[in-house]
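A structural walkthrough
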Amino acid sequence: MSQLITRFFTATIGASILIGSAWLGPSYFGGVVLLIALLGQIELYQLYNRCGVKAWRITGLLIGSGLALRAIVPNIFLLTAVPVVGLVLWCTFTKSHQPLMRLGATLAGAVYPTALLAFLTDLRSISGYTGEEALALTITVLVLVWASDIFAFFAGSFFGNRPLAPSISPGKTWEGFLGGVGGALLASVILSFMVDMPLAMTHLLILAIVCTLSGAVGDLAESRFKRFAGVKDSGVILPGHGGILDRFDGIIVAAPLAYMYIIFIASRF
């Protein structure tokens, strides 16, 4: 029970910071997302290190920052070519062991989680929608992923008995997954009544499915990474949850897919 209370308070504080910064504006929200993404990137580099591959962290964080700030600092992502080229040159002439693997680890960390999580900032600054509509869409994606996580946790805890992917994460069950689907669908219906939503109900329901499926994939992917690295949690920064990757693993995958659904489908039909 104490662990559950700790998780609740940590999640409440984190959700308040995210939603509050999103309400303040894209720049504030982008700064918060960048901080979260870079902390997650450091955790990923620590997992790589446990697997015997040392990334070039500082350069990787610079590249990740450039990719993550693309929505609020025009053309900054173009500058990421400079450290990338520098890494390639360094790999060419360095006497370091595993230069190719270190290059791959460094660039992978800049993309996952940093560049992918920054799609939240893209969503907050999405073109074709007003600032209020972009705020509503951003909060919607966050709430759908959170609702899916919460309902999946309780459904799995009380009713789960059929493993979803036992070789990757023995604790995940089909009952929990279906509970997550139901939670996201319920949240989409509630949001449609509470918020002036720029999307039709049909798109909201589909978005709920997209967030649930992609969130589950992100959760399983991070579990696989941790299993390979031989750790239970990616970090300890979030009491009751573990690390940044433990808490945001679903959103890392859900954010870009939700953004693309809104841009390419919901905005056109």
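In what follows, the accompanying structure is described. (Residues numbered from 1 in each chain as written. Predicted model: local features only at pLDDT ≥ 70, side-chain atom pairs only at ≥ 80, totals over all residues. Heavy atoms only, no water.)

**Remarks on the pattern of salt bridges**
The full count for this structure, using the stated rule, is six salt bridges. E222 is the salt-bridge partner of K226, the closest N and O atoms lying 3.5 Å from each other. On the criterion of helical spacing, the pair formed by K226 and E222 is a turn pair, its members being four residues apart in helix α9 (residues 201–229). Looking at K226, the relative accessible area reads 11%, which means it is buried. Using a relative accessible area of 1% as the deciding quantity, one classes E222 as buried. (Salt bridge = Lys/Arg side-chain N within 4 Å of Asp/Glu carboxyl O. Helix = DSSP H or I, 4+ residues; strand = E, 2+ residues; numbered from the N terminus. Buried < 20%, exposed > 50% of the residue type's maximum accessible area, 1.4 Å probe, protein only.)

**Concerning the packing of aromatic side chains**
Going through the model one piece at a time under the given rule, you end up with six aromatic pairs. Judged by centre distance (5.6 Å) and plane angle (75°), the ring pair of F8 and F9 falls under edge-to-face. The class of F8 is exposed, set by a relative accessible area of 52%. Ring geometry for F153 against F154: centres 5.2 Å apart, planes inclined by 80°, an arrangement best described as edge-to-face. A network of ring pairs unites the aromatic residues F153, F154 and F158 as a single cluster. If you follow R70 out to its NZ or CZ, it ends over the ring of F119, 4.6 Å from the centre. (Phe/Tyr/Trp six-rings, centres within 6.5 Å; stacked < 30°, edge-to-face > 60°. Lys NZ or Arg CZ within 6 Å of the ring centre and 35° of its normal.)

**Notes on the nonpolar core**
Membership of the largest hydrophobic core comes to 52 residues, with the highest contact counts inside it found for I126, L199, L207 and I251. Broken down by secondary-structure element, the contributors of at least two residues to this core are α1 (2–24), α2 (26–50), α5 (99–117), α6 (119–124), α7 (131–159), α8 (174–194), α9 and α10 (244–266). Counting residues per element, this core draws most heavily on α10, which supplies 13 residues. Residues in contact with I126, not counting those within four places in the same chain, are A134, L137, Y259, I262 and I263. One finds L34, L38, L61 and A68 within the second-largest nonpolar core, a separate group that totals seven residues. (Core = buried A, V, L, I, M, F, W, Y, C linked by side-chain atoms within 4.5 Å. Contact = heavy atoms within 4.5 Å.)

**Considering the packing of helix α4 (residues 81–93) against α5**
In contact at an axis separation of 10 Å, α4 and α5 are set at 165° when each is read in the N-to-C sense. Our classification of the angle between α4 and α5 gives roughly antiparallel. Viewed along their axes, α4 and α5 form a crossing whose handedness is right-handed. On the side of α4, the interface is formed by V84, L87 and C91, while α5 contributes P99, L103, T106 and L107. Here the contact of α4 with α5 is built from residues that sort into six nonpolar, one polar and no charged. (Axes fitted to C-alpha atoms, helices over the stretch in contact; angles between N-to-C directions. Parallel < 35°, antiparallel > 145°, perpendicular 65-115°, else oblique. Left-handed = near helix turned anticlockwise from the far one by under 90°. Nonpolar A, V, L, I, M, F, W, Y, C, P; charged D, E, K, R; others polar.)

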